[in-house]
Amino acid sequence: MNNQNSSLPSNETSLNAEPLPQTMSQAEFQNAETLDFMVSHAPETHPDMVLLVNDVRGSTHFVHSLLVVELPKLAKLPPIKAAARLQAYSLDDALKALGKVRHRWRFEEHIELALNCAQVCGLLDLEVPAKLHESMVGPYLRTGEELARDAMVAWLQLYRFWLGSREFKERIRLRALTLERARRQVHEYVTRLFAARARLLVIRLDLDYRAKHALGVSIEEARADLRRCFVNLRASGQFDDHVGYVWRLEDGEKTGYHFHVAFFLDGSRAREDISHGQLLGDYWARFITNGRGRYWNCNADIRSHRRSGIGMIHHSDTEKRAELTKALDYLIKADQEVLIRSGRSMGHGQVEEKPMVGPGRPRNPPPETQPAETSPFTYLPDDSANLP
C-alpha cells in the first residue's frame, strides 16, 4: 500500500468539507488533446459525430476520410489523374505527418496499409527495411505489373492492390471481432456490478499530468500510477463504497499519457457524485502522482448529465442504463483509429459478488459471465498483443 494514504482525510470528513477545486480549468479541459467521453456534446445536426481536437487525430480522421470516402470515387480515373487529385487534397503531406509518429501509435487498418505503401514508395521520411519492401512490393510485381516511377502513382497502385487482398480483409474482420469482444466484456462486467446492487453511482474522471510533467511521464510510469490508484482504492479503506471501474489509456501528442475512467460506487452508500468525483480526482492528483497529476470531473459539468450515463443509476432504470451502455461503447470505440503500440490500452476491475440485503429475490449474474478476476487490472482485447 502506498504509505501516503495515512495522510488522506477520512471519507466522511472530505465529503462534508469545502468542495475541492478541479485541477484542470474549464479552458484547459476544452483545449486538452483528449477525446470527449460524453456523447451528448456532438452537434445536434450530426449526433453520431466523434469530436477530436488532437493534431494527430485530426490528420488521422482526414486521411481515413480520403481513403474510405474519396478514393473510391476516383476509381474510374486513370492512376495518374487519381494520384494528382489525392495530392491536391494533400494526402501525401498528411501521410508524412502520421509517419513521424508511427513508433508511438498504431492506426486503423486502412491508414496502416496506406502508410506501409507510402514508406516503400519513398513518400515518408523513413528508411525502408528490406523485409517490408519485399512483403509489400514482391507480391505486386509477381502479378506481372510494374510500379510507376512517380511515387504517388506507385503508392496508389500498391494501395489498391492490397486493399482488395484476402489478407487485408482478414485484418478488418479481426479488428471488428476484437472490438465486439471488448464491448461484450465491458457489458458483462457492468451487468455483474448491477446484479449485486440496487443502484450504482457512476463517476467519470479524466486523469492526466500537469503540463510541465506530462511529456516526461513514460507509459510504464502512467500504467503504474493507475494500477497503484486502483489497488489503493481497494486496500486503503478510504473508499469502501468503490466497487468497480472501466478505464482507457490514451496518448496525446502534446499532453502525453492520460486516462479516461468510469468509476462505479455502491449507490446505497454513496450519493453525491460531484463530491465523490472531487475526492477521487484529488486522490489521483495529490497522493498517487505526488502533485504531478490533475483531473477533470465530468460529473461537475452540468452538460455531462444530459444523456450521458453518469450519476445515480438504479438497476431497474432502463433509460439511464441504456445511456450508460452507450457511453461505455463510446469509450471503447472512441480511438479505434489510433491505438497505443506499447501494450494494452483499456480494461476494467474485478467483481466482488455480494448478495442483496433486504426483501426480494437476489439477482444473479447472467450464466454466461465468468468468475471474478483475481487482478485489479482486467485487460480488454484491443489488438495490441499482435502489434508489429
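The structure displayed is predicted, hence computed values, not measured ones. Per chain, residues are indexed from 1 in the order of the written sequence. Reporting of local features is limited, given that this is a predicted model, to residues whose pLDDT is at least 70; pairs of side-chain atoms are given and counted only at 80 or more, and all residues count toward the totals for whole chains, interfaces and linings. Values shown for side chains rest on all heavy atoms present in the structure; no hydrogens or waters enter the calculation.

**Details of the overall build of the chain**
Rule in force here: Only DSSP runs of H or I covering at least 4 residues are called helices, and only runs of E covering at least 2 are called strands; the numbering of each starts at the N terminus. The cut-offs for exposure are 20% and 50% of the maximum accessible area for each residue type, with area from a 1.4 Å probe on protein chains only; residues under the lower value are buried, those over the upper are exposed, and the others partly exposed. In what follows, residue pairs with any heavy atoms lying within 4.5 Å of each other are defined as contacts. Note on areas: Shrake-Rupley, 1.4 Å probe, and residue coverage restricted to the protein chains presented here.
A tally of helices and strands in the chain yields 13 helices and nine strands. Looking at the chain residue by residue over its 388 residues, the buried ones come to 52%. Long-range contacts, defined here as pairs at least 24 residues apart, represent 76% of the contacts in the chain between residues at least 6 apart. Here the chain displays about 18,600 Å² of accessible surface, and carbon together with sulfur accounts for 53% of that area.

**Quick word on the pattern of salt bridges**
This is how the line gets drawn: Note on definitions: salt bridges are taken to be side-chain nitrogens of Lys or Arg within 4 Å of carboxyl oxygens of Asp or Glu.
Counted under the stated rule, the structure contains 15 salt bridges. The partner of Glu-112 in a salt bridge is Arg-102, with the nearest N and O atoms 2.9 Å apart. Taken together, the positions of Glu-112 in helix α6 (residues 109-120) and Arg-102 in the loop between α5 (91-99) and β1 (105-107) put the pair 10 residues apart, joining distant regions of the chain. Each member of the pair Glu-112 and Arg-102 is classed as buried. The shortest N-O distance in the salt bridge between Asp-225 and Arg-292 comes to 3.5 Å. Residue Asp-225 is found in helix α11 (residues 219-235), and its partner Arg-292 is found in the loop between α12 (273-288) and β5 (293-297); the two are separated by 67 residues along the sequence. Taking the relative accessible area as the measure of exposure, Asp-225 reaches 4% and is therefore buried. The network of salt bridges with common partners includes Arg-102, Arg-106, Glu-109, Glu-112 and Arg-175.

**Remarks on the confidence of the model for the chain**
Note that predicted coordinates carrying low pLDDT should not be read in detail. Heads up, the rule is: Residue-level confidence of the predictor is summarised by pLDDT, bounded by 0 at the bottom and 100 at the top.
For the chain, per-residue confidence averages 77 on the pLDDT scale, and 71% of positions sit at 70 or higher. Within the chain, helix α8 (residues 151-163) carries the highest mean pLDDT (97), whereas helix α1 (residues 11-16) carries the lowest (36). In this model, residues 1-21 is a region of pLDDT below 50 whose contacts with residues beyond four sequence positions or in other chains number 34 contacts. Throughout residues 384-388 the model reports pLDDT below 50, and contacts reaching past four residues in sequence, or to other chains, amount to nine contacts.

**Section: the state of the cysteines**
Our working rule: Here, a disulfide means two cysteine sulfur atoms that sit within 2.5 Å of each other.
Per the stated rule, a full pass over the model turns up zero disulfides. Cys-117 carries a free sulfur, and the closest cysteine sulfur to it, the one in Cys-121, is 6.5 Å from it. Its relative accessible area of 0% is what places Cys-117 among the buried residues.

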